[in-house]
Structures are given as structure tokens and as C-alpha cells.
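Spelled out from the first residue to the last, the chains are:
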Amino acid sequence: GVSGGPVRVGVIGAGVISTEYLRNLTRFPDLDVRAVGDLDAERARAQADAFGVPRGGGVAEVFDDDAIELVVNLTVPQAHVDVALQAIAAGKHVWNEKPIGLDREGTRKLLDAARASGLRVATAPDTFLGPGIQTARRLVEGGAIGRPLTALTLLQSPGPESWHPNPDFLFQDGAGPLFDLGPYYLTALVQLLGPITQVSAVTSKAREVRTVGSGPRAGQRFDVTVPTHVAAIYRFAGGASAQSVFSFDSAVKRRVIEVAGTDGTIAVPDPNTFAGDIVVHRMDGEQTTTPSAPAPATRGTGVLELARAVRAGRPERASGELGEHVLDVMISTIEAAERGTPVDVATTVDVAPALPEDWDPTVRTLGE
């Protein structure tokens, strides 16, 4: 690709999530969205028209355009690795919606292919790049709680079947509370405490069958094929530990991330959002910080951060290695529960530095 100017982007997958991505990507001055491709060419054309993108059509609109440097892969999880490999073969960097892959082998194959081609694969979630987690991280690194020792994360809810019109997939392979929402919590923990080295876990399932609660399919029953309650203890390379609950079996709703250190505890906003208040509790009282940032962060921030990193020749923050490590941790969590013994996590990751406080997605930093 050319060294200067905005990074030229193509989107593959014109489903529901593409609306939020396109709304944001087309507003970032450092990105130039050139095409939307989908197996349903009509749907891709409609999305391209809606957001002023020059071309929409089949996937070839993106893969065969030599000017496009970066592919945003918004296909269904089962297709993430295959579509990303096609993008790599076409000489393009990739942003994968989560999960980066469904298993260790496919994910490793993808990252190896990218490395061999001198290309990058980065992955959602990018919520940790928002001012919430970034500000919390700068506070922890600045000594606000002393030396971080332990963390508590709670994701508890009755599950999404009451409000989601097609909830079946959220209770089946590749989802459940751990794989669906775990990436937000685990990515945040790795940012705050570093890579995870070992996991112990127990799992359970409250019901074998659930019922669709809303929409045209209301009343239909479906099978639950994965654990709906996962409780884990994680050990980190730096010596810290975390206790985490991921549950669709709780009538009480909680979304908690707290990190406790030698001098205090920091309560971090919901990691499935980009912002929110941070509270530092110390023996002498508590202090609330409302993160300030030059501009609100939104889904697609990671694509922009990747594009700027490519141009600057430095590592991207929402890296494929980070996505691979979090996926490995989740798979290891289920294995630990099934075996009834701790499982060592084979992968690791170098956690990139926090974003500079003045990092602004809405300004142009890449010249003409």
C-alpha cells in the first residue's frame, strides 16, 4: 500500500453490526472506507449507499480491489478465520470482530499466515481502548491502589433469551456467558494485570431447555448446549490473581470489575462499554473519576488504532496475539472445569502501553 494518507478500508459482512461500524468508520478522517462486500450483494449495496461508501456488492468488491489495505471482517463467527485468511491472501491487513477464531488451531493458522505475509490481524473487543479502561489503567500504573494483587469480575444475568429475538446461538457452542461476554472482562483484566498463566474453574447449567421470550419466535423452545454458569480463578504472570463469574443463571444482575492492591481498590466501568465512572476506594475514603477524553470512543476505535499503527510501523493494541491469548484462556477455562484440575495457559502476550491521554480518533493524523 501507499505510505501516506488515510488507510483505505473494505468491510466484509453487511449484517446488523455493520451499521454501527460504518457509522463510525466513515467519520474517522484517518480512514477511507472504499467498499462493502457481502454474500448478499444487494444488502451490501444498500449499506454502502446508506453511508456514502463508493461501492457495495459481492465480497470480490473488497478482495479484488488492490487499493484496499485493511479488511474489517464482520461475518458470522464460524467464518471469521476463513474470511480473514482470504484477506491475508489478497495482501490486506484484517480487523476481526470477536472471536478471532473458534479454536486454537484455526487462530494460530491465521496469525502464522499474517506473520508470513508481513500483515496484521487485530481483533475485537476494542472497548478497552475507550477512556474507561484506559483511565483506570493509567491510575493503576500511577500507583492509585499500590501494587495490584487481586481482581473480582462478576457478569451475572438471567440470560438474554427474554429480550433477544433469536437467542439460541447465545446458549450454544462458541457462545454462552463465557465466550459471548468473557472477552470484554478478560481483555480488561489482561490490560490491568498482564497475561494469564493458569486457570481453575467449575461450571454448571440451570436448565437444559430455554424459551424465546420476545419477537416472532416467542414461545419457541431451544436446547442449551454449553455451561450457563462459569466460575474461574485466574493466575497472572506477575503474581496477581482474579476470581471471575460469568453467568446467565442469576436473577440478580451485576457487571463488576474491581482490582484490589496493597493501598486500595479500583472499581472499573462495565468493560462492554467505552466509558463510565471509576471509583478508587482507599482506607481514608473514596474518589470518583469521570474519564475525560478528547472525543467519545465508539465501536471501530480499534480499526482506527490498527490503521494508525500500520502507518507508524508500531504494534497495534488490540492485537491478534491479545485475541489469541484471551481465546486460549476461555478454552482453558472450560477444560479446567471438565478435568477438575488447574490448566496452564500456553499462550502469552506483551501488553501494549496505555493510549496517550490526548489520543483523538476524530482528528486527522495521517497526511495526504
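Preceding this section is the structure that the text describes.
About the criteria used
- Residues numbered from 1 in each chain as written.
- Predicted model: local features only at pLDDT ≥ 70, side-chain atom pairs only at ≥ 80, totals over all residues.
- Heavy atoms only, no water.
- Phe/Tyr/Trp six-rings, centres within 6.5 Å; stacked < 30°, edge-to-face > 60°.
- Helix = DSSP H or I, 4+ residues; strand = E, 2+ residues; numbered from the N terminus.
- Buried < 20%, exposed > 50% of the residue type's maximum accessible area, 1.4 Å probe, protein only.
- Lys NZ or Arg CZ within 6 Å of the ring centre and 35° of its normal.
- Contact = heavy atoms within 4.5 Å.
- Salt bridge = Lys/Arg side-chain N within 4 Å of Asp/Glu carboxyl O.
- 1 Å grid on protein atoms, 1.4 Å probe; cavity = no way out; pocket = protein on both sides within 12 Å on 5 of 7 lines; lining within 4 Å.
- Points joined across faces, edges and corners; volume = space filled by probe spheres on them.
- Nonpolar A, V, L, I, M, F, W, Y, C, P; charged D, E, K, R; others polar.

A. Layout of the packing of aromatic side chains. Applying the stated rule across the entire model yields three aromatic pairs. With a centroid separation of 5.5 Å and an interplanar angle of 45°, the aromatic rings of F171 and F222 are classed as tilted. Pair noted here: F171 is in the loop between β7 (148–156) and α7 (176–193) and F222 is in strand β10 (residues 221–223), with a separation of 51 residues, a long-range link. When the centroid spacing of 6.3 Å and the interplanar angle of 80° are considered together, the rings of Y185 and F246 count as edge-to-face. Of the two residues, Y185 is situated in helix α7 and F246 in strand β12 (residues 241–247); the sequence distance between them amounts to 61 residues. We classify Y185 as buried; its relative accessible area is 1%. F246 sits in the buried class, given a relative accessible area of 0%. Taking the ring centre of W359 as reference, the NZ or CZ of R308 above it sits at 4.9 Å.

B. Region of the structure containing helix α6 (residues 131–141). Of all eleven residues in α6, eight are buried; the element is thus mostly enclosed. P131, G132, I133, Q134, T135, A136, R137 and V140 are the residues of α6 that are buried. In this fold, the buried residues of α6 make contact with β7, α7, β14 (265–268), β15 (278–282) and β16 (285–289). G143 lies just past α6 and shows a positive phi near 95°.

C. Representation of unusual backbone geometry within the structure. With omega at -5°, the peptide bond leading from K98 into P99 counts as cis. Here P99 lies in the loop between β5 (93–96) and α5 (104–117). With omega at 5°, the peptide bond leading from A124 into P125 counts as cis. Position of P125 relative to the elements: it lies in the loop between β6 (121–123) and α6.

D. Examining the pattern of salt bridges more closely. For the structure shown, the criterion picks out 28 salt bridges. When the shortest N-O distance is used, the salt bridge between R34 and D32 registers 3.5 Å. Among the residues examined, R34 registers a relative accessible area of 27% and is labelled partly exposed. A relative accessible area of 25% places D32 in the partly exposed class. Through salt bridges with shared partners, one network takes in R108, D112, R115, E321 and E324.

E. Looking closely at empty space enclosed by the protein. Across all of its chains, the model carries two cavities of 30 Å³ or more by this definition. The computed volume of the largest cavity comes to approximately 130 Å³. Lining the largest cavity are 17 residues, and of these L129, P131, A293, L355 and W359 sit closest to its centre. Its residues placed into classes, the lining of the largest cavity shows ten nonpolar, five polar and two charged. Empty space within the second largest cavity amounts to approximately 110 Å³. Around the second largest cavity, the lining is made up of 15 residues, and of these T123, A124, P125, G323 and V326 lie nearest the centre. Sorting the residues of the lining of the second largest cavity by element identifies α7 and α9 (320–339) as the ones contributing at least two each. Residue composition of the lining of the second largest cavity, grouped by class: ten nonpolar, four polar and one charged.

Read these as geometric descriptors, not functional statements.
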